[in-house]
Amino acid sequence: MGESKRLVYWIRRLSEIAMLGWLGMMLMLDLVMAATTGGFQWLVPFCGVCGIAAVVLRRKHRLDGFSIMLALSFGTSTVIGSAGFEGVPGMAETGSLLILIMGVLRHVEPIRRAAVLAVVGLVVLLSEAVGRDYQGQGLAFSFLLFAGWSMAAGVGGYLRFQQERRTEAVHSVRRAERLELARELHDLVAHHITGIVVQAQAARTVAETKPDAVVPALDAIATAGSEALTSMRRMVAVLRTEDDPARKPGVTLADLRMLTDRFSADGPKVAFEIGQGLDDRTLPPEVMTTLHRVLQESLTNVRKHASRAAWVEADLRRYERVVVLRVRNFGSASDPRVSRLGGGFGLVGMAERVEALGGRLYAGPSSEGAWEVAAEFPLP
């Protein structure tokens, strides 16, 4: 998986270099035209240099660079046109504007603002053809510039559509995970409250015959109530759907080991190790439930995206006030689809669960060359 990410990174870098090289060639042609024509035509390569700078800085100063380029291009066209000089539209200038228009349509929020800026860009491009009517070729320039703008707008709109689809899919996954987490936490809190009620009834029963036994019972009730409140505080901004009567109030370490054994039966062998100082009483129930889900999702991803993995290592360890679950798979080729997406939607759901409990999730290549998922949870 790491090799695929590095490949995508270098493809992007090379694409950026190729684009800047293309703009540089266009700028050289603009300089040749300015040297041949002279006069106000020297303003055109100046706009081209500013356009290339705006393209290089577009990720940090997208709107500022685009606005400056619009003003410079329109001002140059106005000066050349009002002076009656037969200028020529700048190739580097036009190319930079088209690239910036694609970025504006893809990234600027809201979409209405992006559309308005794209239309303003069209007006500025057409002003090049009107204000720089070289030997009566303004109509031909207008057609070419409009065609270029149409292609840039189409590409930018398509990329925006794909980005919106992914954003909506991520939101749907997060919403589903929150509902699932809310349902599990509800069951856990109900489990605590049931214990509180039982202990309170027992304390009332023995109060008349054994008053000394009431104090330990009250301490146990207070502890259970504190655990229930902790679980409720972690249930923030979630909604609850209908309960599944077959759900369990929690999971145990034995359930985690059983999950890895089932996976090993029909998939790559899993070596699962539980470190010292960890048992079912050490971890809060909601953490145990999320650990089970992260392990299950990680093994599912191995089966889906790395089915030829030689083996899988999983370990659960405690480091002072933190517990960490790591799942690593070795000896498999990466799936380029996951790399292009920047991570699957299952990773989004896992991150939502882990962060809801105050933890952190990492998914990516490890130093040993394996694909690793690591979930870290704070302990009370």
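Residues numbered from 1 in each chain as written. Predicted model: local features only at pLDDT ≥ 70, side-chain atom pairs only at ≥ 80, totals over all residues. Heavy atoms only, no water.

K.L.:
Summarise a nonpolar patch on the surface; cite the residues concerned and give the values.
P.N.:
Taken together, the side chains of Val 155, Tyr 158, Leu 159 and Phe 161 present a nonpolar region at the surface, about 380 Å² in accessible area. Positionally, Phe 161 belongs in helix α6 (residues 138-207). (Patch = residues over 30% accessible without salt bridge, like charges linked within 9 Å, V, L, I, M, F, W, Y side chains within 5 Å. Areas by Shrake-Rupley, 256 points an atom, 1.4 Å probe, with all protein chains shown as cover. Salt bridge = Lys/Arg side-chain N within 4 Å of Asp/Glu carboxyl O. Helix = DSSP H or I, 4+ residues; strand = E, 2+ residues; numbered from the N terminus.)

K.L.:
Break down helix α8 (residues 253-265) for me, citing the residues and quoting the values.
P.N.:
In this model, α8 (13 residues) spans 19 Å end to end at C-alpha, consistent with the 18 Å of a helix rising 1.5 Å per residue. Every buried residue of α8 is listed here: Leu 253, Asp 255, Leu 256, Leu 259, Thr 260, Phe 263 and Ser 264. Next to the buried residues of α8 lie β1 (269-274), α9 (285-305) and β2 (311-319). (Expected span 1.5 Å × (residues − 1). Buried < 20%, exposed > 50% of the residue type's maximum accessible area, 1.4 Å probe, protein only. Contact = heavy atoms within 4.5 Å.)

K.L.:
Just give me the short version of the side chain of Thr 290, but keep the residues and values in it.
P.N.:
Inspection of the secondary structure assignment puts Thr 290 in helix α9. Using a relative accessible area of 0% as the deciding quantity, one classes Thr 290 as buried. Sequence-distant contacts of Thr 290, that is, excluding residues within four places in its chain, are made with Arg 353, Val 354, Leu 357 and Phe 377.

K.L.:
Help me get a handle on the sheet that holds strand β3 (residues 322-330), residues and values and all.
P.N.:
Within a sheet, neighbouring strands are paired by backbone hydrogen bonds and run either parallel or antiparallel to one another. Taken in spatial order, the five strands of this open sheet run β1-β2-β3-β5-β4, and their pairing is mixed. Either end of the sheet is taken by a strand with one partner, and the two such strands are β1 and β4 (360-365). Between one strand axis and the next, the sheet turns through 10° on average, direction left out of account. Bridge count between β1 and β2: six bridges; the pairing is parallel. Along β2, the bridge assignment pairs Lys 269 with Trp 311. α8 rests against β1 and β2 of the sheet, and its axis sits at about 165° to β1. Where α9 meets the sheet, its contacts fall on β1, β2, β3 and β5 (371-378), and the angle it forms with β3 comes to roughly 10°. (Pairing = 2+ DSSP bridges. Axes fitted to C-alpha atoms, helices over the stretch in contact; angles between N-to-C directions.)

K.L.:
I'd like to hear about unusual backbone geometry, residue by residue, with values.
P.N.:
Pro 110 follows Glu 109 through a cis peptide bond whose omega is -5°. Turning to its location among the elements, Pro 110 is positioned in the loop between α4 (91-107) and α5 (111-131). With a phi close to 55°, Glu 320 is a non-glycine residue in the positive phi region. Of the residues examined, Glu 320 reaches a relative accessible area of 72% and is grouped as exposed.

K.L.:
Describe the pattern of salt bridges, listing the residues and the values that go with them.
P.N.:
Counted according to the given criterion, the structure contains 13 salt bridges. Here Glu 16 makes a salt bridge to Arg 58, at a shortest N to O gap of 2.9 Å. Separated by 42 residues along the polypeptide, Glu 16 in helix α1 (residues 2-37) and Arg 58 in the loop between α2 (43-56) and α3 (62-82) bring together distant segments of the chain. By the burial criterion, Glu 16 is buried, and Arg 58 matches it.

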